[in-house]
Amino acid sequence: MSVERVHTEEWGEGTIEVFRLSNGSGAWAEVSNMGAGIVAVAVPDRAGRVDDVALGFKAYSDFMVDTACYGKTPGRYANRIAKGELTLGGKSYQLAINNGPNHLHGGPTNYSRRLWLSEPDAEGVTFVMCSPDGDENYPGNLEARVRYTFTAENELRIELSATTDALTVVNLTNHAYWNLSGIGAGTALNHELKLHAAKWLPTDPTLIPTGELQPVAGTPMDFTQSKPLGRDLGADFPALKFGKGYDNCWVVDGWEPGKRCRVAELFDPASGRLMTVESDQPGVQVYTGNWLGHGELTNKAGGRYADYDGVAIECQDFPDSPNKPHFPSTELRPGEEYHRTIRFRFSVQ
């Protein structure tokens, strides 16, 4: 493993830093203090050709202004909280409304839109964010850490951790968009996805979970057997109409606190690339890039992204858990440590 700082650029009152993690086989990943995010992941196809499979932009600084969270770490609470309403310890907090009637990804100035502190070492890079009490109206001073390493087996490992000095909620994930065909390949709807998830979370039309955990069997939400992302995308099914595609959370089979589980396999028949996802998070949000075509930034191929050009597979706690007491708790107390892991492993078939 080698760790190299490959880019620096002044941005506002800080400095953008990009680091390349190389494993000696010709594969590599680039990560950045821009939202503690993934900038690029270059891995071989079945013919040995190395290409970048993570969506992003031609100019590094565009990651700081994009509105779709490309590759980054949203927070303090990823995904949605209904009406921005949060009650902790008997006290109510009103969070920003920035997604229809709801709160999304921690608010308009969430962690994905900030420069984190970089701490590179010989094995990887850790990014640190000190979020003050009252940040986006969340209680408690929170220190969040995101660590990236890249193994000889082409596995990108992410460790997410946080501590607080007051009762708060935390839900961190990575929001990379993947297209295993490489830069400029177009739609990802021909990718085949398998989820190790026999249940999913139905939502209301604003994508807030109803609180039910429903079986996927017999519905377009069934990915227990691998199928193309686009096969059922146009089905006459409420969830697919609410989000113009998949933007839903599934319940990971066999999950229990601290247990790392197989979550998903994403396969591209054209290139032969296979991405295997593991995590100790209870849920996985799959978003098929339903609104990527609304961006104005120049992508890595020199054009614009279209809807469905990439898919996000976000390992996380359930949306709106603070308002659903029967969901796994996302509360964090002083003296406790929030700790989660995500692993993306790349191979070929």
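Residues numbered from 1 in each chain as written. Predicted model: local features only at pLDDT ≥ 70, side-chain atom pairs only at ≥ 80, totals over all residues. Heavy atoms only, no water.

Novice: Report on the overall build of the chain, specifying residues and quantitative values.
Specialist: Per the secondary structure count, the chain includes one helix and 26 strands. Against the 2.2 N^0.38 benchmark of 20 Å for 349 residues, the chain shows a C-alpha radius of gyration of 19 Å, consistent with a compact globule. Evaluated residue by residue, the chain yields a buried proportion of 58% over its 349 residues. Contacts in the chain between residues at least 24 apart in sequence constitute 66% of all its contacts with a sequence separation of at least 6. (Helix = DSSP H or I, 4+ residues; strand = E, 2+ residues; numbered from the N terminus. Rg over C-alpha atoms; globule rule 2.2 N^0.38 Å. Buried < 20%, exposed > 50% of the residue type's maximum accessible area, 1.4 Å probe, protein only. Contact = heavy atoms within 4.5 Å.)

Novice: Mind laying out the pattern of salt bridges, listing which residues take part and the relevant values?
Specialist: Under the defined criterion, the tally for this structure stands at 24 salt bridges. The closest approach of N and O atoms between arginine 333 and glutamate 331, which form a salt bridge, is 2.7 Å. One network of salt bridges, in which partners are shared, links Glu155, Arg157, Arg260, Arg262, Glu265, Glu278, Arg343 and Arg345. (Salt bridge = Lys/Arg side-chain N within 4 Å of Asp/Glu carboxyl O.)

Novice: Now, about the nonpolar core: what can you tell me, with residues and values included?
Specialist: Among the nonpolar cores identified, the biggest contains 63 residues, and Val41, Trp178 and Trp250 are the most heavily contacted of them. A per-element tally of this core places strand β12 (residues 142-150) first, with five residues. Once residues lying within four places of it in the same chain are set aside, the contact partners of valine 41 are Trp28, Ala29, Asp51, Asp52, Val53, Ala54, Leu156, Trp178 and Phe346. (Core = buried A, V, L, I, M, F, W, Y, C linked by side-chain atoms within 4.5 Å.)

Novice: Tell me what's going on with the packing of aromatic side chains, and back it up with residues and numbers.
Specialist: Counted according to the given criterion, the structure contains 16 aromatic pairs. Centroid distance tyrosine 246 to tryptophan 250: 6.2 Å. Interplanar angle 45 degrees. Geometry classified as tilted. A relative accessible area of 0% means that tryptophan 250 is categorised as buried. Sitting over the ring of tryptophan 28, arginine 20 keeps its end group 3.6 Å from the ring centre. Cation over ring: lysine 227 sits above phenylalanine 223, and NZ or CZ is 4.4 Å from the ring centre. (Phe/Tyr/Trp six-rings, centres within 6.5 Å; stacked < 30°, edge-to-face > 60°. Lys NZ or Arg CZ within 6 Å of the ring centre and 35° of its normal.)

Novice: Please provide a residue-by-residue account of the sheet that holds strand β18 (residues 214-215), values included.
Specialist: Taken in spatial order, the six strands of this open sheet run β15-β24-β23-β20-β17-β18, and their pairing is antiparallel. Bordering the open sheet on either side are β15 (177-178) and β18, each of which pairs with just one other strand. Bridging between strand β20 (residues 247-251) and strand β23 (residues 283-287) involves five bridges; their strand directions are antiparallel. Counterpart to asparagine 248 in the pairing with β23 is valine 286. (Pairing = 2+ DSSP bridges.)

Novice: Let's hear about the confidence of the model for the chain: which residues, and what values?
Specialist: Residues of the chain with pLDDT of at least 70 account for 100%, and the chain-wide mean is 97. By mean pLDDT, the top-scoring element of the chain is strand β16 (residues 192-195) (99), and the lowest-scoring one is helix α1 (residues 238-243) (96). (pLDDT = per-residue confidence, 0-100.)

Novice: Describe the side chain of threonine 168, and please don't skip the residues or the numbers.
Specialist: By the secondary structure assignment, threonine 168 is in strand β14 (residues 168-169). Threonine 168 has contacts with Arg76, Leu88, Tyr138, Pro139, Leu142, Thr330, Glu331 and Leu332, leaving out every residue within four places of it along the chain.

Novice: Before we move on, could you go through the pairing of strand β22 (residues 273-279) and cite the residues and values that matter?
Specialist: When you tally the buried positions in β22, you get seven out of seven residues, the bulk of the element. The alternating pattern of β22 places Arg273, Met275, Val277 and Ser279 and Leu274, Thr276 and Glu278 on opposite faces, both of which are buried. Relative to β22, strand β21 (residues 261-267) runs antiparallel, the two sharing six bridges. Across the sheet, the residue bridging to alanine 264 is valine 277, located in β22.

Novice: Outline the sheet that holds strand β3 (residues 28-32), supporting the account with residue identities and numerical values.
Specialist: Taking strand neighbours across the sheet as the criterion, the five strands line up as β1-β2-β3-β4-β5 in an open arrangement whose pairing is antiparallel. Two strands lie at the open edges of the sheet, namely β1 (2-11) and β5 (50-52), each paired on one side alone. When the angles between neighbouring strand axes are averaged without regard to direction, this sheet yields 15 degrees. Bridge count between strand β2 (residues 14-22) and β3: five bridges; the pairing is antiparallel. Of the residues in β3, the one forming a bridge with phenylalanine 19 is valine 31. (Axes fitted to C-alpha atoms, helices over the stretch in contact; angles between N-to-C directions.)

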